[in-house]
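So the chains spell out like this:
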Amino acid sequence: MAAAGLDRVIRAEDVAHMGITEVIRHAPRVYSSYRSLVSSIRQRRPNVAILIDFPDVNFRLARELKKLDVPVIYFVSPQLWAWKRRRLRWVQQRVNRMMVIFPFEERFYRARGVDAEFVGHPLAQLPLPSIPRDEYAATYGLDPSKPWIALLPGSRWKEITAHLDTLIELTYRFPGKCNFILPVASTIDREKLAKAISGYDEWLPSDTDAALKLHNLYLVPDAREALLHARASVVASGTATVQAAVIGNPFVVVYRVSSLTFRLAKRLVRYPREIWNPTQPDPDGNPPIAMVNLIAGRRIVPELLQDNFTASNIVALLLPLLGDTPERARMIADLAEVRRALLPSTGVNSIQQVSDAVDALLAENYAASRPKASANV
């Protein structure tokens, strides 16, 4: 969006934090940024607003926009169907159109009187990466004769530090010869990550390249390419699980947060029956957290959370996915169903549908009041 001419008043990556304790710690900075953004909105008086995800900020922005009679389109729904459902009234009061990217969200909102439309998931509409496997191997120094396993620990440093030690342990405990591919998100400093890997244990050499070679670990820039060519993957819960699903790569979901955050989340998260049957928890009493399982309406990929997220548990779940096994074939078929469910039913891509909704709201706004010289979004 910045490349298209967007004026970035506040950088989202500077104020985006996950986990209850993490958000509390960074609250002063987030609130200061929010006040700057509200001030900018009052000065510029936009004709229409597109709010994208980020509910802790965007619901408050929607209130300010409502005061200014600015119509609001909300693209990528916050997970009100999982927790904080009391915020639903804010959607009903402040949002003109909800443009949702998961099919069950449309059912959830419409049943509660919200003008919602499923527009498809943008990731499901992307073409597959075009780089061939042999070229990919040559580019990043991978051994094409070995199976490749992708490791996706997250796109935030906090997530990476929570997951990295177990994933590094996996690389030297995994039986058989394979290469591990770790995509580095654009939000992460590659050298910082390489140094964190080389400093994981005392016996590792301080030279980062040597440390990576000891683990047959290769840092690459693109997650989708890694998922396309990997035989299987270990993926931290989040958007990357949807990436893996639409590409069709079999994977294991992992996640770890602070003990307090997990205990609070377990008490607070409650899915409505149109999304998940509450009588289907895992052996520890947890509902699924992987979006892929919620879309499917059943557990199609395994989840290792908190203390269950260990190297030995990952090995046990990954091994059946590497060979030509019934487990691998079944998961690939299930992931294909998820991808089909995420495609827009109209055939029009999701971004175009949001753009059309903006045009419609602008037209309604102009019809209701004197047209302005220019339209700012």
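A.B. asks: Explanation requested: the pattern of salt bridges in the structure shown.
C.D. replies: Pairing is possible between side chains that carry opposite charge, provided their charged atoms lie close to one another. Across all of its chains, the model carries 13 salt bridges by this definition. For Lys67, the salt bridge identified is with Glu64, shortest N-O distance 3.8 Å. One end of the pair, Lys67, and the other, Glu64, are both in helix H4 (residues 55-67), three residues apart, so they sit about a helical turn from each other. On the accessibility criterion, Lys67 (57% relative accessible area) is exposed. A salt bridge links Arg173 to Glu169; the nearest nitrogen and oxygen atoms lie 2.6 Å apart. You can see Arg173 and its partner Glu169 sitting in helix H8 (residues 157-173), four residues apart, about one turn around the helix.

A.B. asks: Teacher, can you tell me more about the packing of aromatic side chains here?
C.D. replies: How two aromatic rings sit relative to each other is set out by the distance from centre to centre and by the angle between their planes. Counted according to the given criterion, the structure contains nine aromatic pairs. With 5.0 Å between their ring centres and 85° between their planes, Trp81 and Phe104 make a pair best called edge-to-face. Separated by 23 residues along the polypeptide, Trp81 in the loop between strand E2 (72-75) and helix H5 (88-94) and Phe104 in helix H6 (residues 103-110) bring together distant segments of the chain. Like Phe104, Trp81 is buried. Look at Phe108 and Tyr109: their rings are 5.2 Å apart centre to centre, the planes differ by 75°, and that puts the pair in the edge-to-face class. Just above the ring of Trp83 sits the side chain of Lys84; from NZ or CZ to the centre is 4.7 Å.

A.B. asks: Could you clarify how one ought to interpret the sheet that holds strand E9 (residues 251-255) in this entry?
C.D. replies: Hydrogen bonds between backbone groups are what pair the strands of a sheet, and the pairing can be parallel or antiparallel. Read from one edge of the open sheet, six strands run E7-E6-E5-E8-E9-E10, paired in parallel fashion. Looking at strand neighbours, the two that pair on one side only are strand E7 (217-220) and strand E10 (303-305), the edges of this open sheet. Each neighbouring strand pair of the sheet contributes to a mean axis angle of 20°, computed without reference to strand direction. One ladder, built from three bridges, connects E9 with E10; its direction is parallel. Residue pairing in the sheet places Val253 in a bridge with Glu303 of E10.

A.B. asks: Mind showing me how you'd approach unusual backbone geometry here?
C.D. replies: Most of the time, phi is negative for any residue but glycine, and the peptide bond is trans. One non-glycine residue, Arg45, lies in positive phi territory at about 45°. If you trace the backbone, Arg45 turns up in the loop between helix H3 (27-44) and strand E1 (49-52). Positive phi is not limited to glycine here, since Val76 has a value of about 75°. With respect to the element layout, Val76 can be found in the loop between E2 and H5. Relative accessible area serves as the criterion here: at 17%, Val76 is assigned to the buried category.

How each quantity is defined
Per-chain numbering applies: the sequence of each chain, read as written, is numbered from 1 onward. Local features in this predicted model are restricted to residues whose pLDDT is 70 or higher, and side-chain atom pairs enter the listing and the counts only when it is 80 or higher, whereas totals over whole chains, interfaces and linings include all residues. Only hydrogens and water are set aside when side-chain values are computed; all heavy atoms of the structure are taken into account. Should a side-chain nitrogen of Lys or Arg be within 4 Å of a carboxyl oxygen of Asp or Glu, the pair is scored as a salt bridge. The numbering of helices and of strands both runs from the N terminus, where a helix is a DSSP run of H or I of at least 4 residues and a strand a run of E of at least 2. Per-residue accessibility, obtained with a 1.4 Å probe over protein chains only, is compared with the maximum for each type, and a residue is labelled buried under 20%, exposed over 50%, and partly exposed between these values. Ring pairs shown here join Phe, Tyr and Trp side chains whose ring centres sit within 6.5 Å, with only the six-membered ring taken for Trp; geometry is labelled stacked below 30 degrees between planes, edge-to-face above 60, and tilted in between. Definition used: whenever NZ (Lys) or CZ (Arg) falls within 6 Å of the ring centre and also within 35 degrees of the ring normal, the charge is taken to sit over that ring. In this scheme, strands are said to pair when DSSP sees at least two bridges between them. Lines fitted to C-alpha atoms define the axes here, with helix axes fitted over just the stretch in contact, and angles between the N-to-C directions of these axes take values from 0 to 180 degrees.

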